[in-house]
Amino acid sequence: MGQDVYKVAFDSSPIGVFVVGETGNILEANDEINRIFGYEPSELIGMKVEDLVPCDHKARHVDLRGAFFKNPMRRKMGGDQAFPGVRKDGGAIHVEVGFEAAQLGGADVVVASVVDVSERVLMNQRLKAHQDDLEKLVAERTESYLKAKEEAEHNARVKADFLSNMSHDIRTPLNTLMGLAHLMSDTELTDEQACYVSQQSMACNLLLGIVDDILDFSRLEAGKIPINANPVSLIEILENIATNIRISFADKLVEFIIVPDPQIEQIVVDPVHLIRVLMNLLSNAAKFTHKGSVVLSVKATGGRNLRFEVRDTGIGISKDDQKRIFTPFEQATNTVEGRRRGAGLGLSICERLLSMMGSKLYLESDLGKGSCFSFDLDAQVELKPVADKKISGSHSVLIVDENLDALEATARSVEFLHCQPLTASSGDAAILRVMNLKNRQEPFPDVILLSGGLTNPDVKQVAKRIRAFLGEDCPPLCMMRLPAEKDKAKDLMVRNIISADVTKPILPNSLQRLAAKFERKTCADMLPEKRVEVPSPAATSIKEVKLLLVDDNEVNLVIASAIMAKAGAHVTSALSGAQALQELENASARGFDIILLDLHMPGMDGYETCRRIRNDLKLTSIPILAFTAGVLEEQKQAAFDAGMNGFIRKPFNVAKAVALIAELTLWSKEDRAGGKQINIA
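First things first, this report covers the structure right here in the doc. (Residues numbered from 1 in each chain as written. Predicted model: local features only at pLDDT ≥ 70, side-chain atom pairs only at ≥ 80, totals over all residues. Heavy atoms only, no water.)

Things to note about the overall build of the protein chain
Secondary structure summary: the protein chain contains 21 helices and 23 strands in total. Classification of the 681 residues of the protein chain by burial places 44% in the buried group. The long-range fraction of contacts in the protein chain, counting pairs at least 24 apart against all pairs at least 6 apart in sequence, stands at 66%. Summed over its atoms, the accessible surface of the protein chain is roughly 35100 Å², and 53% of this surface lies on carbon and sulfur atoms. (Helix = DSSP H or I, 4+ residues; strand = E, 2+ residues; numbered from the N terminus. Buried < 20%, exposed > 50% of the residue type's maximum accessible area, 1.4 Å probe, protein only. Contact = heavy atoms within 4.5 Å. Areas by Shrake-Rupley, 256 points an atom, 1.4 Å probe, with all protein chains shown as cover.)

As structure tokens, this is what we get:
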């Protein structure tokens, strides 16, 4: 009975089992071992166990068997260790084997347990092959990526160098053209000639804007434009924008309005990039608005955020074009004008800069009705309470404007200065308000601001009636004018109808200048014989300044020298760095107050020239300005590293350049030697 049970269990085991004697002969084998190796029942009995292993493993197997019988040790299956085997038909298999020493009929035997793991081994081999293939593919892809990256970086460098050189090579002749236009505008010109000069300047500025857009877009693509957030005055940013964008409205009767939030003084932003975004949006609005207004509004939206909006009453943008105008080099074509202007990069640049500042540009527009671009910006806003108008002191300003947006904007600027705004939306309403003040014997406003766009009665009639009613008690009358209304204002001042004019949009700084001019004055104090003409800062601020101008381009050298000479400077010119050093060595007796130095010159460039001035000639206190058509940040930094104090890029803004030269020549020697740095774009 026991033997029968053993036999049944032995034969029915799912694991192959055979018994091997010390001589290597197989003594017992169950059905599963027969199946694994492909033998019929009883065929394995008497065979050598080495007949079940490959030929190249037999000798080794004999040694291992002998060692086991000398020192029997139990070995369990597992551990993922598979041994090669050979089936009866010669097919290769892999098996996992466990050993157990035993006695059979008084003789030492080994009982071997065998499991066929051929499928597992095959799967592992396939996985290993797949892994090897993947590793090879990864290596190939990595090599390909590194090669592509290196090629892309090379192409980016080539592209950046090309664009930099292109920008420099275009800016240089532009500097000549714009310099000549500036010099010609200071001469006696007929109306026709003046028109031609103005159109030349506008064309040059348009081309310069396209060059700047292409260069900036390339730098954005290459990730070369950093974001530098700093605490700045919101009003100063708006003043900067107003000053620079006015030229875009110079030839049209379109109202440009800036509506500040009087609760906001300081914000934390990157001012350069914020101004660039707003200037782009406003320039577009000015291009496509021919009547009505363009409004820039700024307001706090809760938390630390500001919302900027640019609204216009222009031609609008179709729904189809709204989907594509943010794509680089794309422009709206389905407009009522059907015209294309610029490189089609402005909005793409705006969107990318805002994305870098954590914001997004939104657009609402209807064709023929105008557009509104807006974005929210985390500007770390801190609100200040608006002064109580009833206790803000005795200062007040009467604002008269039929454009309600402009009226509100000017009132906010008045509030910003803690003064009381009095408003009237028509000339008749203003006259009535003045009459009521006099009849009630209430204080008159310090200044009356009259919009040049008043109609029925117009600004001339309103001013005359107010002046006639108040007589000598009439406060100064100031005309708020559009850039295109300059001649109209001049005529009214010559005829003593108004006391002064101020260009819209009206911002706090403009009002402060008016307040300083009109403080405690009446119209009678502003008559021509009592009016004092204030000299233009650009005409006198660098008078007698001894200036060394260095440029290898002879034409640009002549033009820049003439511009600086007209501004009052004593100019010495040099065509190379070596000539500049010689001039400085020969100038020990008379000296120079400032040096303007081109960076890109053959032989000794501007950087090396500056280093020699500082190190060899020991001239550490004289201000040196880079005067160059190169505009990249790395070029600016290299100029500062070489010892320069400022950076003027060509084509240059004459007023800004003159103001910078005036400021630097007033520095103390300690400031100059300390390497104070100023950028003039």
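Let's talk about unusual backbone geometry
Residue Pro505 is reached from Lys504 by a cis peptide bond, and omega for that bond is 0°. Positive phi, normally seen in glycine, also occurs at Glu544, with a value near 70°. Within the secondary structure layout, Glu544 lies in the loop between α15 (537-540) and β18 (546-550). Residue Lys618 is not a glycine yet carries a positive backbone phi of 60°.

Description of the sheet that holds strand β12 (residues 370-378)
Across the sheet, which stays open at both edges, the five strands sit in the order β7-β9-β10-β12-β11 with mixed pairing between neighbours. Edge positions in the sheet fall to β7 (255-259) and β11 (362-366), since each of these pairs with one other strand and no more. Adjacent strand axes in the sheet meet at a mean angle of 10° when their direction is disregarded. For β7 and strand β9 (residues 293-300), the ladder comprises five bridges, and the chain directions are parallel. In the sheet register, Phe256 faces β9, and the bridge partner there is Val294. Contacting β7, β9, β10 (305-312) and β12, helix α7 (residues 271-287) crosses the sheet at an angle of about 20° to β10. (Pairing = 2+ DSSP bridges. Axes fitted to C-alpha atoms, helices over the stretch in contact; angles between N-to-C directions.)

Describing the pairing of strand β20 (residues 594-597)
With burial as the criterion, each face of β20 is covered, one bearing Ile594 and Leu596 and the other bearing Ile595 and Leu597. Taken together, the four bridges between β18 and β20 define a ladder with parallel strand orientation. Bridge pairing in β20 links Leu548 to Ile595. Looking at chain direction, β20 and strand β21 (residues 624-628) are connected through three bridges and run parallel. Across the sheet, Ile595 pairs through a bridge with Ile624, a residue of β21. The handedness of the β20 to β21 crossover, carried by helix α18 (residues 606-615), is right-handed. (Right-handed = clockwise from strand over helix to strand, strands pointing away.)

What about helix α3 (residues 55-70)?
Over its 16 residues, α3 extends 24 Å from the first C-alpha to the last, a length consistent with the 22 Å expected when each residue adds 1.5 Å. Along α3, the sharpest kink reaches roughly 25°, centred on His61. What α3 keeps buried is the set Arg65, Phe68 and Phe69. Those residues of α3 that are buried are in contact with β1 (16-21), β4 (92-104) and β5 (107-116). (Expected span 1.5 Å × (residues − 1). Bend = angle between axes of the 7 residues up to and from the residue.)

Comments concerning the nonpolar core
Ile267, Leu274, Leu281, Phe308 and Phe375 are the most contacted members of the largest nonpolar core, which has 50 residues in total. If we ignore the near neighbours within four places in the chain, the residues touching Ile267 are Asn230, Pro231, Val232, Leu234, Ile237, Leu274, Leu306, Ala379 and Val381. Of all hydrophobic cores here, the second largest spans 25 residues; its members include Leu547, Phe627, Phe652 and Leu660. (Core = buried A, V, L, I, M, F, W, Y, C linked by side-chain atoms within 4.5 Å.)

With respect to the packing of α18 against helix α19 (residues 633-642)
Helix-helix packing: each pair is described by the crossing angle between the helix axes and the interaxial distance. At their nearest, the axes of α18 and α19 sit 9 Å apart, and the two run at 20° to each other. Viewed along their axes, α18 and α19 adopt a mutual orientation that is roughly parallel. Every pair of crossing elements has a handedness; the one defined by α18 and α19 is right-handed. Along its contact with α18, which presents Tyr607, Cys610, Arg611 and Arg614, the element α19 presents Gln635, Ala638, Ala639 and Ala642. In the contact of α18 with α19, the residues fall into five nonpolar, one polar and two charged. (Parallel < 35°, antiparallel > 145°, perpendicular 65-115°, else oblique. Left-handed = near helix turned anticlockwise from the far one by under 90°. Nonpolar A, V, L, I, M, F, W, Y, C, P; charged D, E, K, R; others polar.)

Some points on the sheet that holds strand β3 (residues 83-86)
The five strands are arranged β2-β1-β5-β4-β3 in an open sheet whose pairing can be described as antiparallel. Two strands bound the open sheet, and with one partner strand each, they are β2 (26-29) and β3. Pairs of neighbouring strands in the sheet enclose a mean axial angle of 40°, with direction left out of account. Bridge count for β1 against β2 is three bridges, and the pairing is antiparallel. By the bridge assignment, Val19 is partnered in β2 with Glu28. Against the sheet, helix α4 (residues 118-185) contacts β4 and β5, and its axis sits at roughly 140° relative to β4.

So, the packing of aromatic side chains
One pass over the structure, following the stated rule, counts five aromatic pairs. Summarising the aromatic geometry, the rings of Phe249 and Phe256 are spaced 5.0 Å apart at their centres and angled 5° between planes, so their arrangement reads as stacked. The residues Phe249 and Phe256 share a single accessibility class, namely buried. An aromatic cluster of at least three residues, connected via ring pairs, comprises Phe68, Phe69 and Phe99. Directly above the aromatic system of Phe469 lies the positively charged group of Lys438, at a separation of 4.9 Å from the ring centroid. (Phe/Tyr/Trp six-rings, centres within 6.5 Å; stacked < 30°, edge-to-face > 60°. Lys NZ or Arg CZ within 6 Å of the ring centre and 35° of its normal.)

With respect to the environment of Asn284
Structurally, the position occupied by Asn284 is in helix α7. With 36 residues separating them in the primary sequence, Asn284 and Ser248 have C-alpha atoms 9.5 Å apart.

What about the side chain of Asn280?
Note on placement: Asn280 falls in helix α7. Given a relative accessible area of 12%, Asn280 falls into the buried group. The residues touching Asn280, leaving out its near neighbours within four places in the chain, are Asp213, Gly346, Ile349 and Cys350.

Considerations on the pattern of salt bridges
Counting across every chain of the model gives 22 salt bridges. One salt bridge in this structure joins Asp551 and Lys650, with 2.5 Å as the shortest N-O distance. Taken together, the residues span a long stretch of sequence, with Asp551 in the loop between β18 and α16 (554-566) and Lys650 in the loop between β22 (646-649) and α20 (654-665) at a distance of 99 residues. Under the relative-accessibility criterion, Lys650 is labelled buried at 3%. Each of Glu255, Asp401 and Lys504 takes part in a single network of salt bridges with overlapping partners. (Salt bridge = Lys/Arg side-chain N within 4 Å of Asp/Glu carboxyl O.)

Things to note about the packing of α4 against α16
Two numbers describe how α4 lies on α16: the axes approach to 9 Å, and their chain directions differ by 35°. For the pair α4 and α16, the crossing hand works out as left-handed. The segment α4 lies against α16, with Thr172, Asn175, Thr176, Gly179, Leu180, His182 and Leu183 engaging Val555, Asn556, Ile559, Ala562, Ile563 and Lys566. Its residues assigned to classes, the contact of α4 with α16 shows six nonpolar, six polar and one charged.

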